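# Topology and contacts: notes
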Amino acid sequence: MSNAKHTPGPWRVSLSDDTVVIDAHGREVAMIDGDYNRPDEWPIMEANTRLIAAAPDLLATLERLLHLDDSYGPFGGEIYQDRIDRAWEKARAALAKAKGAA
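A brief look at the structure comes next. (Residues numbered from 1 in each chain as written. Predicted model: local features only at pLDDT ≥ 70, side-chain atom pairs only at ≥ 80, totals over all residues. Heavy atoms only, no water.)

### So, the pattern of salt bridges
According to the stated counting rule, one finds 4 salt bridges in the structure shown. Residue K97 pairs with D57 through a salt bridge whose shortest N-O separation is 2.8 Å. Of the two residues, K97 sits in helix α3 (residues 78-99) while D57 sits in helix α2 (residues 55-72), which places them 40 residues apart along the sequence. A residue is classified by how much of its surface remains accessible, and D57, at 26% relative accessible area, is partly exposed. Through salt bridges with shared partners, a single network forms among R38, D40 and E41. (Salt bridge = Lys/Arg side-chain N within 4 Å of Asp/Glu carboxyl O. Helix = DSSP H or I, 4+ residues; strand = E, 2+ residues; numbered from the N terminus. Buried < 20%, exposed > 50% of the residue type's maximum accessible area, 1.4 Å probe, protein only.)

### Some points on the side chain of T49
Looking at where T49 falls in the secondary structure, it is placed in helix α1 (residues 42-53). Under the relative-accessibility criterion, T49 is labelled buried at 0%. A polar contact is formed between the side chain of T49 and the backbone oxygen of D18, at a distance of 3.4 Å. Setting aside residues no more than four positions away along its own chain, T49 makes contact with V13, D18, T19, V20, V21 and I32. (Polar contact = N/O pair within 3.5 Å; in protein donor to acceptor, adjacent residues only side chain to side chain. Contact = heavy atoms within 4.5 Å.)

### Focus: the environment of R50
Tracing the chain through its elements places R50 in helix α1. Residue class for R50 comes out partly exposed when judged on its relative accessible area of 25%. Discounting residues that sit within four places of it in the chain, R50 has contacts with V13, K97, A98, K99 and G100.

By themselves, these are just geometric observations and shouldn't be taken as functional.
See below:
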């Protein structure tokens, strides 16, 4: 759906460094910088990393929800309810990923 020119997803937090986001091939997409000498900043840095890692999922999900809304309107009917339900499941999963609950 998206014609964005970014590194394709999925992205994830690196297993070796929880402030690095990598793509499906293990290449670095982003790295969160912060003061590693201040442990109170680590949770914020890790949360920022998770949010960035979820960006492609969030983008795709929002595009899909907007497409469904444009295509079927607010009363898409039972015929499209399965598609709408799957889109909402993906939205919940993307938010969980961003929040570190996935």
